[in-house]
Amino acid sequence: MNPADEILDIVDEHDRVVGRRPRGEVYARGLRHRCVFVQARDAAGRLFVHRRTATKLVFPSLYDMFVGGVVGAGESYDDAALREAEEELGVSGLPQPSYLFKFLYDDGAGNSWWSAVYEVRCDLPVRPQAEEVQWHAFLPEEEVERRLGTWEWVPDGLAAYERLRAFRAGR
């Protein structure tokens, strides 16, 4: 199936479902929907970082420190987190990602989605989807911090990362 044809729930400012539309229309019209962000770490505690392919509908060719994506129509955040993490990491049998918090991402330019943030430990060898991931590595968090100012990152992932740092710091 073409990703643009996938049906998504449209939600209001309180994350209540108000309709359903194909993903292509959701993106074209800037309709608010749901997404999951999963921070994956390996056994050594390093973060999974990847560069998105140039064919992605949103933020092509940018770096991301989360795996994840849209929540399908009628799908729970928890189910989407596990599905997206397994799909993007190219694994099966991943433990259920742990829910941390949710926030409304809005860039003021027509991109707005409810964003549920999760974390998961992945001890399995990863085989990311070639159609979604151009490059990947598990990097120490210090290396990710160094790269924040030099690599071009997905803006929603940066927003989630900043909120996650504040969450972990108890702010």
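All of these numbers come straight from a predicted model, not from anything done at the bench.

## Looking at the packing of aromatic side chains
Counted by the stated rule, this structure contains 13 aromatic pairs. Here Phe 48 and Phe 138 contribute two aromatic rings whose centre-to-centre distance is 5.4 Å and whose plane-to-plane angle is 65°, an arrangement assigned as edge-to-face. Taken together, the residues span a long stretch of sequence, with Phe 48 in strand S4 (residues 47–52) and Phe 138 in strand S9 (residues 133–139) at a distance of 90 residues. Assessed through its relative accessible area of 1%, Phe 48 is described here as buried. Where Tyr 63 meets Trp 135, the ring centres are 5.9 Å apart and the plane angle is 75°; that geometry is what we call edge-to-face. On the criterion of sequence distance, the pair formed by Tyr 63 in strand S5 (residues 63–64) and Trp 135 in strand S9 is long-range, its members being 72 residues apart. For Tyr 63, a relative accessible area of 16% gives the class buried.

## Comments concerning the UniProt feature "domain: Nudix hydrolase" (unreviewed entry) in the protein
UniProt annotation of "domain: Nudix hydrolase" (unreviewed entry) refers to residues 31–171 when read in the numbering used here. The span residues 31–171 carries 24% helix and 33% strand; its end-to-end C-alpha distance comes to 30 Å.

## Remarks on helix H4 (residues 155–168)
End to end, H4 covers 20 Å across 14 residues, agreeing with the expected 20 Å (1.5 Å per residue, within 8%). Taken together, the buried positions of H4 are Asp 156, Gly 157, Ala 160, Tyr 161, Leu 164 and Ala 166. Against strand S3 (33–41), S4, S5, strand S7 (98–106), strand S8 (112–121) and helix H3 (141–147) lie the buried residues of H4. One or two residues past the end of H4 sits Gly 170, with phi positive at roughly 80°.

## Looking at helix H2 (residues 77–89)
Between its first and last C-alpha, H2 extends 18 Å over 13 residues, near the 18 Å set by a 1.5 Å rise per residue. Of the positions making up H2, those classed as buried are Tyr 77, Ala 80, Ala 81, Glu 84, Ala 85, Glu 88 and Leu 89. For H2, the arc enclosing every buried residue in end-on projection is 130°, short of the 170-degree limit, so these residues lie on one face. Against S3, S4, strand S6 (67–70), S7, S8 and S9 lie the buried residues of H2. Gly 90 occupies a position one or two residues after H2 and carries a positive phi of about 70°.

Calculation criteria
Here the residue index of a chain counts from 1 through its sequence in written order. Where totals are concerned, whole chains, interfaces and linings use all residues; where local detail is concerned, this predicted model gives features only for residues with pLDDT of at least 70, and gives and counts side-chain atom pairs only at 80 or more. Side-chain measures here rest on the full set of heavy atoms in the structure, leaving out hydrogens and waters. Stacked, edge-to-face and tilted are the three classes for Phe, Tyr and Trp ring pairs, Trp counted by its six-membered ring, which pair at centre distances within 6.5 Å; planes under 30 degrees apart are stacked, over 60 edge-to-face, the rest tilted. Strands here are runs of E lasting at least two residues and helices are runs of H or I lasting at least four, both read from the DSSP assignment and numbered beginning at the N terminus. For the exposure calls, accessible area comes from a 1.4 Å probe over protein chains only, and a residue counts as buried if that area is under 20% of its type's maximum, exposed if over 50%, partly exposed in between. UniProt positions are given in the numbering used here, feature names are shortened, and annotations may be inferred rather than shown by experiment. Expected helix span is computed as 1.5 Å times (number of residues minus one). Pairs of residues are marked as contacts when any of their non-hydrogen atoms sit within 4.5 Å. This arc is built from the directions going out from the helix axis to the C-beta atoms.

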